[in-house]
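# Remarks on the overall topology
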Amino acid sequence: MKLRKCRVVGEAPTVLGRVWIHGPGEIRVGHRVVLDGRVAPIELHAMRGGSILLGDDVVIEGGASLEALQSITIGAGARLGTFCKVMDNQHHPLRGNRHERPASVPLVVEAGVTVGSRAILLPGTHVQQGATVAPGTVISRRIPPAVTVGGSPPRVIRREVAG
């Protein structure tokens, strides 16, 4: 019932607690997605013409917020921690006329990515397969596969070794 505003809902989604779905855009939820809003509400906001795609087996924890004016894609098996923020538009420019909305840049989180609590993914972010974003990190660029990034500015903390 809580996912009734979504365009597509896969098999066996799990919704715990509160999930707020806003906007006239398109939201697609894959199979076995877990939305755990028991700690705080999860917000999925797709503006007109925008889309949010949650792949199969995605887990989103409480307080997370996804805001799409154009496109946010979360790959299969990805995990978004508590109170993380994912957005494809800054909503106003940093310089010049603050009433003009800048162009949106698609945001992609590939399969198997883990995003820590209170991390912020800004427009244009592309976190590649198997990467980990440490809690509280702000990302605005491409992150290579199978690494852990953290700090301010973000830097590679660890590289995963294929075994």
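## Looking at the environment of I143
Mapping I143 onto the fold places it in strand β17 (residues 142–143). Residue I143 is classed as buried on the basis of its relative accessible area of 0%. Apart from the residues within four sequence positions on either side, I143 is in contact with H126, V127, Q128, A131 and V149.

## Quick look at the nonpolar core
Counting 37 residues, the largest nonpolar core has I52, L54, I60, L66 and I74 as its most contacted members. Only β2 (14–22), β3 (26–29), β4 (34–46), β5 (51–54), β7 (65–68), β8 (71–74), β11 (107–109) and β18 (147–150) provide two or more residues apiece to this core. The dominant element in this core, judged by the number of residues it contributes, is β4, at four residues.

## Some remarks on the pattern of salt bridges
If you walk through the whole model with that rule in mind, you get six salt bridges. D36 is the salt-bridge partner of R38, the closest N and O atoms lying 2.8 Å from each other. A relative accessible area of 59% means that R38 is categorised as exposed. Here E61 and R79 are joined by a salt bridge, their closest N and O atoms 2.7 Å apart.

## What to know about the state of the cysteines
One pass over the structure, following the stated rule, counts zero disulfides. Residue C6 stays outside any disulfide, its sulfur separated by 17 Å from that of C84, the closest cysteine. Judged by its relative accessible area of 9%, C6 falls in the buried class.

## Focus on unusual backbone geometry
Cis rather than trans, the peptide bond between S152 and P153 has omega equal to 0 degrees. Structurally, the position occupied by P153 is in the loop between β18 and β19 (155–159). Of note in this structure, F83 is not a glycine but carries a positive phi near 60 degrees. For F83, the location among the structural elements is in the loop between β9 (79–80) and β10 (85–87). The backbone of R118 shows a phi angle near 60 degrees, a positive value even though the residue is not glycine. Inspection of the secondary structure assignment puts R118 in the loop between β12 (114–115) and β13 (120–121).

Here is what the cut-offs are and how they apply
- Residues numbered from 1 in each chain as written.
- Predicted model: local features only at pLDDT ≥ 70, side-chain atom pairs only at ≥ 80, totals over all residues.
- Heavy atoms only, no water.
- Helix = DSSP H or I, 4+ residues; strand = E, 2+ residues; numbered from the N terminus.
- Buried < 20%, exposed > 50% of the residue type's maximum accessible area, 1.4 Å probe, protein only.
- Contact = heavy atoms within 4.5 Å.
- Core = buried A, V, L, I, M, F, W, Y, C linked by side-chain atoms within 4.5 Å.
- Salt bridge = Lys/Arg side-chain N within 4 Å of Asp/Glu carboxyl O.
- Disulfide = S-S within 2.5 Å.

Read these as geometric descriptors, not functional statements.
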